[in-house]
Amino acid sequence: MDSQTEYWSARALLEWQVELGVTDATSETPINRFELAAKPPAKKQAKTAPAKVVTTSDIDVAEIARAAAAKASSLDELKAALSNFQHCELERGAHNLVFADGSPSARVMIIGEAPGREEDLQGLPFVGRIGDLLDKMFAAIAMARSAEGAAGIYITDVLPWRPPQNREPKPEEIAMMRPFVERHIELAKPDLILLMGNIPCQTLLGQRGITRLRGNWKEVLGIPALPMFHPDYLLRNPHAKREAWADLLALQARLKTLS
Ligand code: URA
């Protein structure tokens, strides 16, 4: 095979794997599994009592998270506390911690679900197609993540690390991250909160069912909070944009009554 043909067949193989859902290489160097199979199996070790491994289920990780989050007295300290938090497996598979974007002084804080592939690579919440739609939705009511104060928005996610293959967060992961999200809200002190999708509703309201919840004002830590459809849902269900628009107008009206 000439090098040109080799390039195209390697590229086709790679694209096929991406289509199958492969998003990351598990190792920097390739492993020749034919060679491994030829090697004699390692001798069995004499049986000894297995060492006790301390698992996360042996310790109250949510309590450790609460103590770590409570110590943070600024957003920078909270971000550092999350970076140092070693009890969430998701951290090991992620490229970056996704903490927040936008203006911390904004009156509106948006809480999403979890970073996807693009967010994981860039270390920022809501980028790519989903982020573009989010930005367009807020531009329609004259708000933007690049603006300060009244026209600004501040954005974070319940989970700061990408779940593998964008799977649903597990209940224990949500319980572990809840103290950090709550402290995030306390430190950012928004006037209003937007809960985008089921995961933030489950985390902060203890309820799911976004179709029923959306458009109905709730309270999170004493702050008015509005559940809304997630932009990812809107991309897949464009007919729901009408309800999303109604929710944005409700947000705008509520902001006016508070100013
Ligand atoms: N979906 C989310 O909920 N958050 C992101 O950051 C990206 C996609």
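Described in the following lines is the structure provided in the data block. Along each chain, residues carry numbers from 1 onward, in the same order as the chain's sequence is written. It should be noted that, the model being predicted, local features are given only for residues of pLDDT at least 70 and side-chain atom pairs only at 80 or more, the latter also being counted only at that level, while totals for whole chains, interfaces and linings use all residues. As a rule here, side-chain values come from all non-hydrogen atoms in the structure, and water together with hydrogens is ignored.

Quick notes on the sheet that holds strand 4 (residues 192-196)
One open sheet holds the six strands; their spatial order is 1-3-2-4-6-5, and the pairing between them is mixed. The open sheet terminates on both sides in strands that have one partner only, identified here as strand 1 (101-102) and strand 5 (218-220). Strand pairing is assigned whenever DSSP detects at least two bridges linking the two strands. Labels follow the DSSP assignment, with helices taken as runs of H or I lasting at least four residues and strands as runs of E lasting at least two, numbered in each case from the N terminus. Direction of pairing for strand 1 relative to strand 3 (residues 153-157): antiparallel, over a ladder of two bridges. Residue pairing for strand 3: Asp101 is matched across the bridge by Ile155. Residue contacts are defined here by distance: any two heavy atoms, one from each residue, within 4.5 Å place the two residues in contact. Geometry is summarised by axes, namely lines fitted to C-alpha atoms with helices restricted to the contacting stretch, and by angles between N-to-C directions that run from 0 to 180 degrees. Along the sheet, helix 8 (residues 171-188) contacts strand 2 (108-112), strand 3, strand 4, strand 5 and strand 6 (223-228); its crossing angle with strand 2, the most-contacted strand, is approximately 165°.

Structural notes on the site of the ligand
Near is defined per residue: the residue qualifies when any heavy atom it owns lies within 4 Å of the molecule or strand. In the vicinity of the ligand, the residues found are Gly112, Glu113, Ala114, Glu119, Pro125, Phe126, Asp157 and His230. Within the backbone of Phe126, a nitrogen or oxygen atom sits 2.9 Å from an oxygen atom of the ligand. Here a polar contact is recorded for every N or O atom pair within 3.5 Å, except that within protein the pair must consist of a potential hydrogen donor and a potential acceptor, and residues adjacent in sequence are included only if both atoms are side-chain atoms. Within the side chain of Asp157, one N or O atom sits 2.7 Å away from an oxygen atom of the ligand. Under the scheme applied, nonpolar residues are Ala, Val, Leu, Ile, Met, Phe, Trp, Tyr, Cys and Pro; charged residues are Asp, Glu, Lys and Arg; polar residues are all the others, including Gly. Considered class by class, the residues forming the shell around the ligand number three nonpolar, two polar and three charged.

A closer look at the pairing of strand 3
Strand 3 sits mainly inside the fold: five of its five residues count as buried. Judged from the five bridges that link them, strand 2 and strand 3 form a sheet pairing that is parallel. Paired with Ile110 across the bridge in strand 3 is Ile155. The buried label goes to any residue with under 20% of its type's maximum accessible area, the exposed label to any with over 50%, and the partly exposed label to all in between, with areas taken from a 1.4 Å probe on protein chains only.

Observations concerning the packing of helix 8 against helix 9 (residues 198-205)
A pair of packed helices is characterised by two quantities: the angle between their axes and the separation of those axes. Close contact between helix 8 and helix 9 brings their axes to 10 Å; oriented N to C, the two are set at 85°. Classified by the angle between their axes, helix 8 and helix 9 sit roughly perpendicular to one another. Within the contact between the two elements, helix 8 uses Ile174, Arg178, Val181, Glu182 and Ile185 and helix 9 uses Ile199, Gln202, Thr203 and Leu204. Broken down by class, the residue content of the contact of helix 8 with helix 9 amounts to five nonpolar, two polar and two charged. Note on angle classes: values under 35 degrees are labelled roughly parallel, values over 145 roughly antiparallel, values of 65 to 115 roughly perpendicular, and the remainder oblique.

Points about the pairing of strand 6
With six of its six residues buried, strand 6 lies for the most part within the structure. Burial of the side chains of strand 6 extends over both faces: Ile223, Ala225 and Pro227 are buried on one face and Pro224, Leu226 and Met228 on the other. In this sheet, strand 6 lies alongside strand 4 in parallel orientation, the contact comprising four bridges. If you follow Leu194 over to strand 6, its bridge partner there is Leu226. In this structure, strand 5 lies alongside strand 6, joined through three bridges in antiparallel fashion. Note on strand 6: the bridge partner recorded for Val220 is Ile223. Between strand 5 and strand 6, which pair antiparallel in sequence order, lie two residues; one of them, Leu221, sits at a positive phi of approximately 50°.

Looking at the pattern of salt bridges
The term salt bridge refers to a side-chain nitrogen of Lys or Arg lying within 4 Å of a carboxyl oxygen of Asp or Glu. Going through the model one piece at a time under the given rule, you end up with ten salt bridges. Arg145 serves as the salt-bridge partner of Asp135, at 3.0 Å between the closest nitrogen and oxygen. In this pair, Asp135 is assigned in helix 7 (residues 128-139) and Arg145 in the loop between helix 7 and strand 3, connecting sequence segments ten residues apart. Exposure remark for Arg145: the relative accessible area of 14% places this residue in the buried category. In this structure, the salt-bridge partner of Glu168 is Arg208, at a minimum N-O distance of 3.5 Å. One end of the pair, Glu168, is in the loop between strand 3 and helix 8; the other, Arg208, is in the loop between helix 9 and helix 10 (210-213), and 40 residues separate them in sequence. Residue Glu168 is classed as partly exposed on the basis of its relative accessible area of 47%.

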